[in-house]
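# Examination of the molecular architecture
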Amino acid sequence: MRGKGIHYDTGTFPNGDTSRPVFDPRTVEREMRVIAEDLHCTAVRITGGDPDRIETAARHAADVGLEVWFSPFPCELTNEQMLPYFVDCAERAERLRRDGADVVLVTGCELSLFARGYLPGDTFNARVPVLAGPGREAALQGIPDKVNAFLGDVVTAVRPVFAGPVSYASCPLDGVDWSPFDIVGLDAFRSLRNAATYRDDLRKAFAQGKPVAITEVGCCTFRGAGDHGGAGWYVAMGPDGVTPKPDLVRDENEQVRYLDALLPVFEDEGVDSLFWFSFAGYATPHRSCGPDPDLDLASYGIVKILDEQSGISTSAHSYPDLPWQPKKAFHALADRYRALGQQSTAE
């Protein structure tokens, strides 16, 4: 596996909310060193809705030798709004590339879900229920054609300003035609729904004759979360959509089991690059004391964000200068990536 990576969120804005309330460039710089030196990553996929934040994080990543997957992630925008946005991001990615960084441009993520104009609904929260409702099949009609028409326009617009490889982070609903792209990008969450066909579905992606990257894969931090894959956060939420269900059992080993099951599949099948989802859920702190719920149960992060209700003393912090603590999956992924790196060196 060439690219051993992690997904890193600078702040996305589904429903107009932010997934990263505080963005401190000094913290970002420190986290990129942790990702390169302690997680043994060789690449990082940097996502977000604010191009300035993406560029800031990307430069810190390049400074520590990471390959940068520059991944603008617009939410709740129309095609007309997104096209100039992607061109702006392509120009920023090209400046970074010309400064000596290894850069891949990822032109969006799961547009059928996160952008306006594909599924019914003006917000992400309004669109998601459509997928489980009686109108699902009708709502899905024609989506691949719409997605591919727009992606064709995007690639045509960014090629003149970005000279590096171009990809896209797709979900199955998108039905992407990969002919305009250099790298096939899959958000490849495994769940009970697709477990029986997971490996065969992955193999189909290689029929394009292009490198295949897993742009997202992971699970939440409650027992049984691996059965739900990318829908784990949705399953975990109670009726208010904000508070986790009270019967969830915290289980950091769930993420480790998921990781241990899937990494060998990606290695066996010849995946070019992998970006585990995710480094941190910055808006979902872990809490073990106090009146508020443990929001980290619904987080895919391999570190747990801390606040005054986390119940972890400062003396117990592995990284006392950072607002988080590693989960078990952090150490498991680091061990895997270190071993893969040693294997590559030996070969």
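The sections below set out a description of the structure shown in this document. (Residues numbered from 1 in each chain as written. Predicted model: local features only at pLDDT ≥ 70, side-chain atom pairs only at ≥ 80, totals over all residues. Heavy atoms only, no water.)

### Comments concerning the overall build of the protein
In terms of regular secondary structure, the protein is built from 11 helices and 10 strands. Its C-alpha atoms give the protein a radius of gyration of 19 Å, near enough to 20 Å, the size a compact globule of 347 residues would have. The principal-axis extents of the C-alpha atoms in the protein amount to approximately 55 × 50 × 40 Å. Out of the 347 residues in the protein, the part that is buried amounts to 53%. For the protein, restricting intrachain contacts to residue pairs at least 6 apart in sequence, the fraction spanning at least 24 positions comes to 70%. Total accessible area on the protein stands at roughly 14,400 Å², and carbon and sulfur atoms take up 51% of it. Charge-centre separation for the protein: the mean point of 34 positive side chains lies 2 Å from the mean point of 50 negative side chains. (Helix = DSSP H or I, 4+ residues; strand = E, 2+ residues; numbered from the N terminus. Rg over C-alpha atoms; globule rule 2.2 N^0.38 Å. Buried < 20%, exposed > 50% of the residue type's maximum accessible area, 1.4 Å probe, protein only. Contact = heavy atoms within 4.5 Å. Areas by Shrake-Rupley, 256 points an atom, 1.4 Å probe, with all protein chains shown as cover. Lys, Arg positive; Asp, Glu negative; His and termini not counted. Charge placed at Lys NZ, Arg CZ, Asp CG, Glu CD.)

### Considerations on the pairing of strand β4 (residues 103–109)
Of all seven residues in β4, seven are buried; the element is thus mostly enclosed. Direction of pairing for strand β3 (residues 67–72) relative to β4: parallel, over a ladder of three bridges. If you follow Phe70 over to β4, its bridge partner there is Leu105. As paired elements, β4 and strand β5 (residues 166–169) share three bridges and run parallel to each other. Bridging across to β5, Leu105 finds its partner in Val166. (Pairing = 2+ DSSP bridges.)

### Remarks on the packing of helix α1 (residues 25–37) against helix α2 (residues 51–63)
Taken N-terminus to C-terminus, the directions of α1 and α2 make an angle of 35°; their axes are 9 Å apart at the nearest point. Here α1 runs over α2; the crossing is right-handed. Contact with α1, carried on its side by Pro25, Val28, Glu29 and Met32, involves Thr56, Ala57, His60 and Ala61 of α2 and no other residues of that element. Here the contact of α1 with α2 is composed, by residue class, of five nonpolar, two polar and one charged. (Axes fitted to C-alpha atoms, helices over the stretch in contact; angles between N-to-C directions. Left-handed = near helix turned anticlockwise from the far one by under 90°. Nonpolar A, V, L, I, M, F, W, Y, C, P; charged D, E, K, R; others polar.)

### Remarks on the layout of surface pockets
The volume enclosed by the second largest pocket comes to roughly 200 Å³. If you go around the second largest pocket, the residues you meet are Arg20, Pro21, Val22, Asp24, Thr27, Glu31, Tyr282, Ile305 and Pro323. Of the residues belonging to the lining of the second largest pocket, the class tally is five nonpolar, one polar and three charged. (1 Å grid on protein atoms, 1.4 Å probe; cavity = no way out; pocket = protein on both sides within 12 Å on 5 of 7 lines; lining within 4 Å. Points joined across faces, edges and corners; volume = space filled by probe spheres on them.)

### A closer look at the pattern of salt bridges
Close approach of charged atoms lets side chains of opposite charge pair. Overall, the coordinates contain 33 salt bridges when judged by the stated rule. As a salt-bridge pair, Arg199 and Asp268 come within 4.0 Å of each other at their nearest N and O atoms. A residue pair is termed long-range when its members are at least 10 positions apart, and Arg199 in helix α8 (residues 198–205) and Asp268 in helix α10 (residues 253–269) qualify at 69 residues. Take Arg199: its relative accessible area is 30%, and that puts it in the partly exposed class. Residues Asp201 and Lys204 are paired through a salt bridge, measuring 3.8 Å at the closest nitrogen-oxygen approach. Separated by three residues within a single helix, Asp201 and Lys204 lie in helix α8, roughly one turn from each other. A residue is classified by how much of its surface remains accessible, and Asp201, at 34% relative accessible area, is partly exposed. Residue Lys204 is classed as exposed on the basis of its relative accessible area of 58%. The network of salt bridges with common partners includes Asp52, Glu55, Arg59, Asp88, Arg92, Arg95 and Asp99. (Salt bridge = Lys/Arg side-chain N within 4 Å of Asp/Glu carboxyl O.)

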